[in-house]
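Structural characterization, general
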Amino acid sequence: MSVLMTHHFLFTTEVTTPLEVDDHSGSALRGTLFDAVWNRFCTNKSAPNCAECPLHTICPVSALVAPLREENSRGRDIPRPYVILPPLGKARRYEPGQQLLFGITLFGRIVELFPYIVMATQLMEAQGLGKKLRENNLQRGRFQVKYIESYNPINGQSQRVYQAGKPCVDAPTFSVTAIDVAERASALPTDKMTLNFLTPTRISLHEKPMHRAAFLPIIQRLLERLTALEQVYAVQEGQSPADHWRDLVQLAPEITCLADGTAWEELSSYSSRTNSKSPIGGFQGSATFAGDLTPFRELLVWGELIHVGKNAVKGNGWYKIVG
């Protein structure tokens, strides 16, 4: 049973100037959040990066956007402690007065830094989001956060923890535990299941991205990601899914793909910090798998929460189990 806990937040905002976003705006949201946290809270901006800053072990900026651990077995970089849940759908334009919704999921103890994120949203509002528009004097569209809800995506419970105009941020109310995951998993089918990949999912096999959904690589990447997150952000004692790694990997080839309705989407992400683009494309759509899915159900439910594959922090690899 996993020892990880996840904390989920939904931001309801109101657009104040015309705002346009491209397809899959998770990368833009993540970049805006990164800039806002860094500009608001970094106290050593002369450092070239977090790794070279002597304050990184006690810094909320490093903890949120560039976590480091000297003892990490895979090197100094560790998994980011959050994922963005971007607005779904194609590129679209928002007019003043319309709602713009997005979410963020925090892992484990990093939820203690949630007030920093709330304070950083003030800079996100000022910096804007999306394309620079002529009607905005070549500025990005702006929005105002009206309220933030803490919610449990498994049972649907929610409660507001922030309201515009109120200075206090309430403690997050809901979290998802291994018990929640087990309860949802037990209600899922055991012989056939469809995964709906809501955002591009980039999974590599032999260092090459897969252009179609395949069960074994999905299971392998989920196990790797969940185990890595547990090692850094776990808050409870418990049995790690790594203990079952060998069994699941051996069983996964027995699962067949009945229908693959996924398609590849070619995308890139631009970094103003490095002045370069990086590929973030992946497959998207639905895939139906059949076989004895009983031992995989809990892991697949965790995947709904933590995402799978590369660029998960930007909202990629977000899927839903639809039956």
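This text goes with the structure placed above it.
Everything in this summary refers to the structure shown in the same document. Nothing here was measured: the structure is a model prediction, and the numbers come from that model. (Residues numbered from 1 in each chain as written. Predicted model: local features only at pLDDT ≥ 70, side-chain atom pairs only at ≥ 80, totals over all residues. Heavy atoms only, no water.)

With 46 residues, the main nonpolar core has Phe215, Ile219, Phe296 and Leu300 as its most contacted residues. Breaking this core down by element, the ones donating at least two residues are strand E3 (82-85), helix H4 (178-186), strand E10 (192-201), helix H5 (215-233), strand E17 (282-290), helix H7 (297-306) and strand E18 (319-321). Setting aside its immediate chain neighbours within four residues, Phe215 contacts Ala252, Ile255, Phe289, Leu293, Phe296 and Leu300. (Core = buried A, V, L, I, M, F, W, Y, C linked by side-chain atoms within 4.5 Å. Buried < 20%, exposed > 50% of the residue type's maximum accessible area, 1.4 Å probe, protein only. Helix = DSSP H or I, 4+ residues; strand = E, 2+ residues; numbered from the N terminus. Contact = heavy atoms within 4.5 Å.)

If you walk across this open sheet you meet the 5 strands as E3-E5-E1-E8-E9, and the pairing is antiparallel. Because the sheet does not close on itself, it has two edges, and the strands there are E3 and strand E9 (158-163). Sheet twist, expressed as the mean angle between neighbouring strand axes with direction ignored, is 25°. Both strand E1 (residues 6-15) and strand E5 (residues 99-107) contribute to a ladder of 9 bridges, which runs antiparallel. Paired with Leu10 across the two strands is Gly103, which belongs to E5. Contacting E1, E5, strand E8 (143-151) and E9, helix H3 (residues 114-127) crosses the sheet at an angle of about 160° to E8. (Pairing = 2+ DSSP bridges. Axes fitted to C-alpha atoms, helices over the stretch in contact; angles between N-to-C directions.)

Structurally, the position occupied by Asn311 is in the loop between H7 and E18. Distance from Asn311 to Lys166, taken between C-alpha atoms, is 34 Å for residues 145 residues apart in sequence.

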